[in-house]
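# Inside the fold
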Amino acid sequence: MRWEHPVQFASQSDVGFRRRNNEDSISVRICKDQEGWRDHGHFFLVADGMGGHAVGELASKIASETVPHTFFKNKPGPVDKSLKSAIEIANQVINERGMANREFMRMGTTCSTLCLCPEGAVIGHVGDSRVYRVRENRIDQLTFDHSLQWELIRQGRMKPEEVYLNEPRNVITRSLGPEPVVKVDIEGPFPVLEGDRYILCSDGLTSHLKDDEIGMIAKYLDPSDACRLMINLANLRGGSDNISVIVVRVGDLPDGNLSQEREPEPEPELELEKDYREWLWLAGVWGAALMVATGIVTWLLTKFDKGEFLAFGGMSLLVILLVRKVFAQRESGKHQEYLDKTKTVEWRPYRSERLKFNTDFLQYLTTMESELQRAAMEEEWTIEWSTHNKIYYEAKEELEQKRYLKAFRDFSRAIDILMTGLHSYRKEMVHQARWKKGPPTGQQDD
């Protein structure tokens, strides 16, 4: 990554529909000068506190303050080591605070961080909050969930479909605070390309939105619109937890800068030679398989000697070809690692899904918007109807003319206006219920 790459971001944290206080915390630090960026990079963090009420809120607050403060205070050096050290220090601070007060014992928090620096994208991670990357037509989850479900899958003790049906999703196996020492996962550095989008989020989002929905929203909406739509959908689907989201977009290099370097295309001759070897290997496998089949048929026709010879010879050839293939792949991997030892290595993501614009999801948004609009009228929410109607009718016209991307953006904005009214209505109801004044005006029974 280069200093000249513009970075656009948006962040938002919401209490959700079922919690009284927000135990999530967010921290963003964008470097103001090239020297600071070269030493540390742009920094993003999401923390989800645990322990209940003020305890979890305190833990995530300590993490969101201590990690960036320590990270930027560290002397310039390898970003991965500096980030790991900062998270470990935050763990110590939280643990000491918990041990000093009986009410705060065992408090903890998740912590997922992203640094965009000269080396690329570096991630420090503890817990089940997540960091995603959207690149072209794919969303990659770059962090491993430190949860009971994911650990059971990694150990091979249960299949994913069995785990998700039988094990609770909110049991995490690693967090900052409960223990004096914590293992921090460092991922990357990953290459950063123009147009990449990164999403940091707490499990209040991922428990209600699928990966492809998160990816599509981040890919086709501006970061601020994407944050709002993700949180709005999570709330409309239950809002069972606090919801925190950061969306980061890496822009194109300004005019006058060299375009971003990409991996060179393979030489056509080398590709042809590689294809020739692949076809030759496949031909050998098919020939060996044919020998085995012929030997079995010959053996069944009572010509035992010839049948056994053909079957044994075919099996031997097949084993030799497979062994050679394994060793060839190992040598190729070692050779490629040697060639790329000075380059950034991009490891495979923990989970990946292809993206495409889904008109069914757009239809879902239109239906959701209509239901919200009807509820707003019936319950008399406070809505800026002139602004809403302008955006809404433009969205409908764009949908009719099959300008799906524009319709997608406008429906998301119309939903956001209605959700603002819903939040105000909910606050009013809570206030009036607290003072025992009954429902808002216009809601009395007939």
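Look up: the structure comes first, before these words.
This write-up is about the structure you can find in this document. Per-chain numbering applies: the sequence of each chain, read as written, is numbered from 1 onward. Per-residue local features are limited, in this predicted model, to residues with pLDDT of at least 70; the limit for side-chain atom pairs, both in listing and counting, is 80 or more; totals at the level of whole chains, interfaces and linings are taken over all residues. Computation of side-chain values: all heavy atoms of the structure, hydrogens and water removed.

Another aspect to go through is the sheet that holds strand S12 (residues 351-354). Note on pairing: DSSP must find at least two bridges between two strands before they are called paired. Only runs of H or I of at least four residues qualify as helices and only runs of E of at least two qualify as strands under DSSP, and these elements are numbered from the N terminus. Here six strands make up an open sheet; going across it, the order is S1-S11-S10-S7-S8-S12 and the pairing antiparallel. Looking at strand neighbours, the two that pair on one side only are strand S1 (7-14) and S12, the edges of this open sheet. If you compare each strand with its neighbour and ignore which way they point, the axes differ by 15° on average. Where strand S7 (residues 130-135) meets strand S10 (residues 197-201), five bridges bridge the pair, whose relative direction is antiparallel. Each axis is a line fitted through C-alpha atoms, taken for helices only over the stretch in contact, and angles between the N-to-C directions span 0 to 180 degrees.

For the rest of this paragraph, the subject is the pairing of strand S5 (residues 111-117). Burial of S5 is extensive: seven of the seven residues sit out of reach of the surface. Throughout this description, buried means an accessible area under 20% of the type-specific maximum (1.4 Å probe, protein chains only), exposed means over 50%, and partly exposed covers the range between. Side chains Cys111, Thr113, Cys115 and Cys117 of S5 all project onto a buried face; the interleaved residues Ser112, Leu114 and Leu116 project onto the opposite face, where all are buried too. Where strand S3 (residues 42-50) lies against S5, five bridges are found, and the strand directions are antiparallel. Paired with Phe43 across the two strands is Cys115, which belongs to S5. Examined bridge by bridge, S5 and strand S6 (residues 120-126) share seven bridges and lie antiparallel to one another. Counted as the bridge partner of Cys111 is Val126 from S6. Between S5 and S6, which pair antiparallel in sequence order, lie two residues.

This brings us to the packing of helix H11 (residues 359-379) against helix H12 (residues 385-400). Two quantities define a packed helix pair, namely the angle between the axes and the distance from one axis to the other. Contact geometry of H11 with H12 gives a least axis separation of 13 Å together with a crossing angle of 150°. In terms of orientation, H11 lies roughly antiparallel with respect to H12. Read as a crossing pair, H11 and H12 show a hand that is left-handed. Residues Leu362, Thr366, Glu369, Ser370, Gln373, Ala376 and Met377 of H11 lie in contact with H12, whose contacting residues are Trp385, His388, Tyr392 and Leu399. Under the convention adopted here, Pro, Cys and the residues Ala, Val, Leu, Ile, Met, Phe, Trp and Tyr are nonpolar, Asp, Glu, Lys and Arg are charged, and Gly plus all remaining residues are polar. When grouped by side-chain class, the residues that make up the contact of H11 with H12 number six nonpolar, four polar and one charged. Should an angle fall under 35 degrees it is taken as roughly parallel, and over 145 as roughly antiparallel, whereas 65 to 115 is taken as roughly perpendicular and any remaining angle as oblique. The hand of a helix crossing depends on one turn: near helix anticlockwise from the far one by less than a right angle means left-handed, and clockwise means right-handed. Two residues form a contact once any of their heavy atoms are found within 4.5 Å.

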